[in-house]
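Next come the chains, spelled out residue by residue.
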Amino acid sequence: MPPITLAFVSDGLAGNLNLDEVQNFISENIGNGYILDGMQRLNTLHDASEDKEFNGLLPLYINVIIAERYDLLLYRMITLNNGQKPMTARHQIEMLTKGMLDTEGLSITVVSEKETESAKPQGAFKRSDIAAAYTAFLTNSVNNENSRIIESKLDEILVGKVMDSDLTESRITFQNILGLVEKFASENDPRDWLRLGNNLIGFSVGAKSSFDQLNALTTEQFSEAIVIFEQAFSALNVSKINVGRFRRELSKSFIDKIEEYRNSDVETVTQVFFDATLVE
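Residues numbered from 1 in each chain as written. Predicted model: local features only at pLDDT ≥ 70, side-chain atom pairs only at ≥ 80, totals over all residues. Heavy atoms only, no water.

Focus: the nonpolar core
If you look at soluble globular proteins, the nonpolar side chains tend to sit buried side by side.
(1) Moving on: Counting 50 residues, the largest nonpolar core has Phe203, Leu214 and Phe254 as the members making the most contacts within it.
(2) Moving on: The dominant element in this core, judged by the number of residues it contributes, is helix 10 (residues 219-234), at seven residues.
(3) Moving on: Leaving out residues up to four positions away in the same chain, Phe254 has contacts with Ala225, Ile228, Phe229, Tyr261, Val269 and Phe273. (Core = buried A, V, L, I, M, F, W, Y, C linked by side-chain atoms within 4.5 Å. Buried < 20%, exposed > 50% of the residue type's maximum accessible area, 1.4 Å probe, protein only. Helix = DSSP H or I, 4+ residues; strand = E, 2+ residues; numbered from the N terminus. Contact = heavy atoms within 4.5 Å.)

Some words on a negative patch on the surface
(1) Moving on: Taken together, Glu187, Asp189, Glu220 and Glu224 make up a surface patch of like negative charges.
(2) Moving on: Position of Glu220 among the secondary structure elements: in helix 10. (Patch = residues over 30% accessible without salt bridge, like charges linked within 9 Å, V, L, I, M, F, W, Y side chains within 5 Å. Areas by Shrake-Rupley, 256 points an atom, 1.4 Å probe, with all protein chains shown as cover. Salt bridge = Lys/Arg side-chain N within 4 Å of Asp/Glu carboxyl O. Lys, Arg positive; Asp, Glu negative; His and termini not counted. Charge placed at Lys NZ, Arg CZ, Asp CG, Glu CD.)

Comments concerning the packing of helix 8 (residues 188-195) against helix 10
Helix-helix packing: each pair is described by the crossing angle between the helix axes and the interaxial distance.
(1) Moving on: Remark: helix 8 packs on helix 10, axes separated minimally by 9 Å, with the N-to-C direction vectors making an angle of 55°. Between helix 8 and helix 10, the angle is such that the two are oblique. For the crossing formed where helix 8 meets helix 10, the hand is left-handed. Only Thr219, Phe222, Ser223, Ile226, Phe229 and Glu230 of helix 10 make contact with helix 8, whose side of the interface consists of Asp189, Pro190, Trp193 and Leu194.
(2) Moving on: In the contact of helix 8 with helix 10, the residues fall into six nonpolar, two polar and two charged. (Axes fitted to C-alpha atoms, helices over the stretch in contact; angles between N-to-C directions. Parallel < 35°, antiparallel > 145°, perpendicular 65-115°, else oblique. Left-handed = near helix turned anticlockwise from the far one by under 90°. Nonpolar A, V, L, I, M, F, W, Y, C, P; charged D, E, K, R; others polar.)

A few points about unusual backbone geometry
With the exception of glycine, most residues fall at negative phi, and the peptide bonds are largely trans.
(1) Moving on: In this model, Asn140 sits at a positive phi of 60°, which is unusual for a non-glycine residue.
(2) Moving on: Of note, Asn140 is situated in the loop between helix 5 (127-139) and helix 6 (151-164).
(3) Moving on: On the accessibility criterion, Asn140 (39% relative accessible area) is partly exposed.

As for the pattern of salt bridges
(1) Moving on: Per the counting criterion, the structure on display carries six salt bridges.
(2) Moving on: With a closest N to O distance of 3.4 Å, Arg262 and Glu259 form a salt bridge.
(3) Moving on: The exposure class assigned to Glu259 is partly exposed, which follows from its relative accessible area of 35%.

Things to note about the environment of Tyr34
(1) Moving on: Along the polypeptide, Tyr34 turns up in strand 2 (residues 34-37).
(2) Moving on: Put simply, Tyr34 and Leu73 are 39 residues apart on the chain and 9.3 Å apart in space, counted from C-alpha to C-alpha.

Quick word on the packing of aromatic side chains
(1) Moving on: With the rule as written, the count across this model stands at 12 aromatic pairs.
(2) Moving on: Between Trp193 and Phe222, the ring centres sit 6.1 Å apart and the planes meet at 80°, which makes this aromatic pair edge-to-face. Here Phe222 lies in helix 10 and Trp193 lies in helix 8, a separation of 29 residues in the sequence.
(3) Moving on: We classify Phe222 as buried; its relative accessible area is 0%.
(4) Moving on: Judged by centre distance (5.8 Å) and plane angle (15°), the rings of Phe229 and Phe233 are stacked. Taken together, the residues span about one helical turn, with Phe229 and Phe233 both in helix 10 at a distance of four residues. In this structure, Phe229 and Phe233 share a single accessibility class: buried.
(5) Moving on: Through pairs of rings, three or more aromatic residues link up here, namely Phe184, Trp193, Phe203, Phe222, Phe229, Phe233, Phe254, Tyr261 and Phe273.
(6) Moving on: Here the guanidinium or amino end of Arg245 rests over the ring plane of Phe246, the centre of that ring lying 4.8 Å away.
(7) Moving on: Over the ring of Phe233 we find Arg247, and its NZ or CZ is 4.4 Å from the ring centre. (Phe/Tyr/Trp six-rings, centres within 6.5 Å; stacked < 30°, edge-to-face > 60°. Lys NZ or Arg CZ within 6 Å of the ring centre and 35° of its normal.)

Below is the structure:
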């Protein structure tokens, strides 16, 4: 059987070729690894192990990849599994997002759709929105959904966007973006703005370019900035535009140039938004 590829995330060991340290790390963290390539082989092996004549003493060879951050691990996962079923790129992103949130201990409340069936925690972020924001971050695009394109083709487009993005060169990680979300979500108004899925998607892409400027803002300053955004956006004729699409695109543009727009008057930003709706 070809080797199964097992992957881990460790900033300290990603570039370390010390065999003993790597072996100890794998042994201690085996439960936190990801099957990067070979999930079907692993399932087949599990089924075979239930046969009474199965020989469990034979060696099982694996390849190990240790990435310095989740974003690069996902990049490798997508390039290795491109076109394979049932592990689609979208499924891989959702899985990595869940792993990231479970291990990093963010102070914001993140809930799954199932967890909101019986109760809706006040101020909570939806895991599906975080996953969509992660997809936007990885593809450097706010438009990754299209009901007019079949799922398999949409997944191919998604993989292409990831591979064409600046992911491997960028110094900003999605965890950095979530850190900003956590910071601004300490106050109700900016938290509620970021909890809106389309805003979060735009924020996650725009913040890649303006991370330092956003990081320097206080929560109050960010809150004042999104008041300008909402006043400008509310001036648009919603019956003439795709509201979701333009909220994603305009929030991305607004966050991308946050330092410029937060110091502008509402009329100026409104004109910029209006001009953007004319470009189809």
